[in-house]
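# Commentary on secondary and tertiary structure
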Amino acid sequence: MLTPRVKRMREKYFETIPQITAERLVLATEAYQKFAGDAVSIFRAKVVNYIMENMTTLIMDDELIVGTATNAYRGANLHPEFQSSSWYISDIDEFSSRSKDPYYISPEDKETILETLKYWEGKSMEDLSGEAMPAKIKELEKDDIICVGLENGVSGETTCDHEKILTIGLRGYMEECQKNIDSIIPQTMEEQAKVDFWKACIIQCQGLITYAHRMAEEAERMAFACTDEKRKKELLTIAENCRVVPENPPKTFQQALQAVWFVHVYFYIEVCTTACGFGRFDQYMWPFYEKDVIKEKNITREEALEMLECLYLKTCEVYEVRDNWYATAFAGYPMWQILVVGGQTPDGKDATNDLSYLCLEAADDLQIKQPVMAVRVWENTPEDLIRFGCKMIQEGQANPGFFSDDAGIKISLDKGRGCTIEEARDWTIVGCTQPAAGGGASDGSPDAGYVNMGKMIEFVLHNGVDPATGKLMGLETGDPREFKNIEEFKDALKKQILHHYDLIRTGYNLMQSIHMNRYPVIFASMVTKGCVESGKSVQHGGAKYSTAGLYVTGPANLADSIAAVEKCVFEDKDLTMDELIKACDTNFEGQERLRQLLLNKPEKYGNNQAHVDGIYKEMMHFIAENVQQWPDARGGYYAFGIDSQTMNIPHGLVTGALPDGRLAGEPFCDASSPMMGRDINGPTATVKSVASMTPADLHEGALYNLRFDPHGVQGEEGKDLIEGVIKTYFEDGGQHIQINVVDNETLKKAQEKPEDYKGLMVRVAGYMAYFTELDKSAQDVIIYRTPHLNQR
């Protein structure tokens, strides 16, 4: 039950529109002009340090945990180092009115932004990537056939070494870096780069310590002016906490929460990052909780819950500004802040503790979209923990997601290349659903790129030509009318698919090399295991384990299309290849009977039918087995996974009709889920199909969305059904599952009267969003998902 304080804070959150502010832009611009000429890593550290010395210290009413990434509540920074000033300027009048992730901008900030951006014309990473990227890759991106990461964002989505931060504080990092500096007289360019990196780490630590001390001064100023004795005491405690952490190790549960938040808010000030997860929160925070709540009883469990809920509300205050295309492909202001509970300890014992339950209770109380809760499940996970998560799902919260420990351990061992079993058992999420060796040892850089599977089918059907444009964009894999069997059709698809992933590799390695030379991320690197030890940023391969994620849109459409060609063209000869191509090119105009044949006669993925499920597995494993051998530019490896975010909308929009019966322009399937509406044999059959693909062989795993109609999962029997589906999925080899419980009637009413459904939460991808904040195209995809009833 929410306390009055938390109720007020939650209401303020729902009543405040996100806004873009000018302060960081102005300070960064001043710093760029002031410190130009220093070594790159030191220069970048000084820029952030300058921002921390001068940005607004904002403490809001009721807060117990403080620190903001901007000078406004629910504010969003602009990062012109990475994102092009050209679309900032062209979109500035549309931000407040656009249907996709709108932002308010005050007239004063708008004027300041436009004036300041004059300095940044042509200077961003996005501008540089536009000049450096090969023309062929740019053309493929423009036509939404592939996309390449890092062009306007940062390399490194950080799940850091929280335990070390809480053990030694930033002062400990500074001492470690200084010791490394003192131990070497640079004799090579590489050795000098290490010294520069360590110096940069020290500078950035000083920046965050300075900010924390400034926050302490602000809290003391507010306390002096405060007439409410209770609030005065709270402000003085905040001041004390800010003078201790993050400079030094925390002494109390509240100080530990404050230290964690200071580190996380710094990530969003340093760069335009996302997916900075909280890792195994119930493990590294447990000593502070145990001391304060259980052993010494300095605070009650209820007081700890209130503090935790204050932290959760802070996570909802960070944003990344995206252009119109990215706001469509990643709809709903996602920031992917994942908090993991449960699972195993490094020595193989159950890790669940009372804080695991408290973390879920806080999410259950608040029902906000950040942080996204992740429950690790293994054979010894307490029934009560799973049941609590199922209750939240049953109530329509779309939270938590569930992860198989067995799959997470296998993936961590495979992708870690040298990872120990202890590190693998300590796995956590780096990104949105991607397991990696725990303890802050892995840099995931998850978004290397996506390939549009619908376009791969079109290229095979047209010998490399894109029918939408008439341009030769793919490989010339032969005239499909001459293919003799389905194996030749699949071989042509495999060649197209691998060719386009290889093009992404070329583009992404290029982007990585530019980031190494110009945009190393200092603080987030420092708090990732391996970087201080090696003297390298994560961009230079400094993390102990490094991977770059490659993804796919439309995998179910790919499998269903292959099955349709096999059944209707080669086996039963219902139509010729030429007739199929013409039908797809005309969007089945006047041929609805043929479309219904393609929709209904062949098997469809998602119904526990071995043949089509085998096609799906064959194609996904072909990709994984090839790309997961590829090194990236920094010495890590590519990792493959199934996760489309809302990329299935823009990729579907540019793709014509397909042999599976899908019409032109319709969205593709949702991540690893079956195509919407085609999984008709019940939830158990559906999860068995997805599990049969053995997601644990994919180093980025497979994001899986499932939806239940609330009428089918009521009461204790409903919880039994949800739990049974989750356990069946994991027993059969599944890796990740997240569940929406909401009916179409509610969703359609929310479209019509959004003001009445402000708190309606849905799972989009590896994140949650408020349904009413989504663009209609993203809302419709949620509605299209099959709402399963209580059938097994």
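Predicted model only: the values in this text are computed from it and were never measured.

Calculation rules
- For every chain, the first residue of the written sequence is number 1, and numbering continues from 1 onward in sequence order.
- This being a predicted model, a pLDDT of at least 70 is required before a residue's local features are given, and a value of 80 or more before pairs of side-chain atoms are given or counted; all residues contribute to the totals for chains, interfaces and linings.
- With hydrogens and water excluded, all non-hydrogen atoms of the structure serve as input to the side-chain values.
- The buried label applies to any residue whose accessible area, calculated with a 1.4 Å probe on protein chains only, is under 20% of its type's maximum; exposed applies above 50%, and partly exposed to all values in between.
- Numbering of helices and strands runs from the N terminus, with a helix taken as a DSSP run of H or I at least four residues long and a strand as a DSSP run of E at least two residues long.
- Note on pairing: two strands pair once DSSP finds at least 2 bridges between them.
- Note that domain bounds follow an automatic or database assignment of domains.
- Only heavy atoms enter the contact rule, under which two residues are in contact if any of them lie within 4.5 Å.
- Buried area: the accessible area, evaluated with a 1.4 Å probe, that two parts lose upon being put together, summed over both parts.
- The term salt bridge refers to a side-chain nitrogen of Lys or Arg lying within 4 Å of a carboxyl oxygen of Asp or Glu.
- Each Phe, Tyr or Trp ring, with Trp reduced to its six-membered ring, pairs with another whose centre is within 6.5 Å; inter-plane angles below 30 degrees give stacked pairs, above 60 give edge-to-face pairs, and intermediate values give tilted ones.
- UniProt positions are given in the numbering used here, feature names are shortened, and annotations may be inferred rather than shown by experiment.
- Definition of nonpolar core: a set of buried residues of the types Ala, Val, Leu, Ile, Met, Phe, Trp, Tyr and Cys, connected through side-chain atoms within 4.5 Å.

What follows concerns the pairing of strand β11 (residues 449–452). Side chains of β11 alternate between two faces, with G449 and V451 and Y450 and N452 buried alike. Where β11 lies against strand β12 (residues 545–553), four bridges are found, and the strand directions are parallel. Among the inter-strand pairings, V451 is bridged to a residue of β12, identified as V552.

Time to look at the domain arrangement of the protein chain. For the protein chain, the assigned domains read domain 1 (4–140) and domain 2 (447–700). Measuring from the centre of the C-alpha atoms in domain 1 to the corresponding centre in domain 2 gives 34 Å. Across the contact, 17 residues belong to domain 1 and 16 residues belong to domain 2. Overall, the association of domain 1 and domain 2 removes approximately 1,500 Å² of surface from exposure, summing both partners, and the carbon and sulfur fraction of that is 76%. Summed over the shared surface of domain 1 and domain 2, the number is one salt bridge. In this structure, the salt-bridge partner of K471 is E139, at a minimum N-O distance of 2.9 Å.

Enumeration over the complete set of coordinates arrives at 32 aromatic pairs. When the centroid spacing of 6.0 Å and the interplanar angle of 90° are considered together, the rings of Y501 and F640 count as edge-to-face. Of this pair, Y501 sits in helix α21 (residues 486–518) while F640 sits in strand β13 (residues 637–640), and the two are 139 residues apart along the sequence. The buried category is assigned to Y501, whose relative accessible area is 0%. By relative accessible area, which is 0% here, F640 ends up buried.

The subject of this paragraph is the pairing of strand β7 (residues 401–404). Along β7, one buried face is formed by G401 and F403 and the opposite face, lined by F402 and S404, is buried too. With four bridges connecting them, strand β6 (residues 372–377) and β7 associate as parallel partners. Bridge pairing in β7 places R376 opposite F403. Pairing of β7 with strand β15 (residues 736–741), which is carried by two bridges, proceeds in the antiparallel orientation. Bridging across to β15, F402 finds its partner in I737.

Before going further, it helps to spend a moment on the environment of K567. Among the structural elements, K567 can be located in helix α24 (residues 555–571). The partly exposed category is assigned to K567, whose relative accessible area is 28%. Along the chain, K567 and L706 lie 139 residues apart, while their C-alpha atoms are 28 Å from each other.

Take unusual backbone geometry next. The linkage connecting Q370 with the following residue, P371, adopts the cis geometry, with an omega of -10°. Backbone geometry at A398 places phi at a positive 60°, although glycine is not the residue there. Considering the arrangement of structural elements, one finds A398 in the loop between α17 (383–394) and β7. With a phi angle near 55°, F588 is a residue other than glycine that sits in the positive phi range. Mapped onto the elements, F588 comes out in the loop between α25 (577–585) and α26 (592–600). Note on F588: relative accessible area 3%, which makes it buried.

Okay, the UniProt feature "modified residue: Glycine radical" (unreviewed entry) in the protein chain next. Using the residue numbers shown here, the UniProt feature "modified residue: Glycine radical" (unreviewed entry) corresponds to G766. Checked against the element boundaries, G766 lands in the loop between β16 (761–763) and β17 (768–770). Here G766 falls in the buried class, since its relative accessible area comes to 1%. Residues in contact with G766, not counting those within four places in the same chain, are W336, I338, V372, C432, T433, Q645, L703 and Q738.

Grouped together as the largest cluster of nonpolar side chains are 280 residues, with contacts concentrated most on F489, Y501, F640 and I737. By residue number, the principal contributor to this core is helix α9 (residues 189–225), which donates 17 residues.

With that settled, the discussion passes to the pattern of salt bridges. One pass over the full model with this rule turns up 59 salt bridges. A salt bridge links K410 to D697, with the shortest nitrogen-to-oxygen separation between them at 3.0 Å. Of this pair, K410 sits in helix α18 (residues 405–416) while D697 sits in the loop between α29 (683–691) and β14 (705–708), and the two are 287 residues apart along the sequence. Overall, D697 belongs to the partly exposed group, its relative accessible area being 31%. Residues participating in the shared-partner salt-bridge network are E383, R387, E716, K719, D720, E723 and K727.

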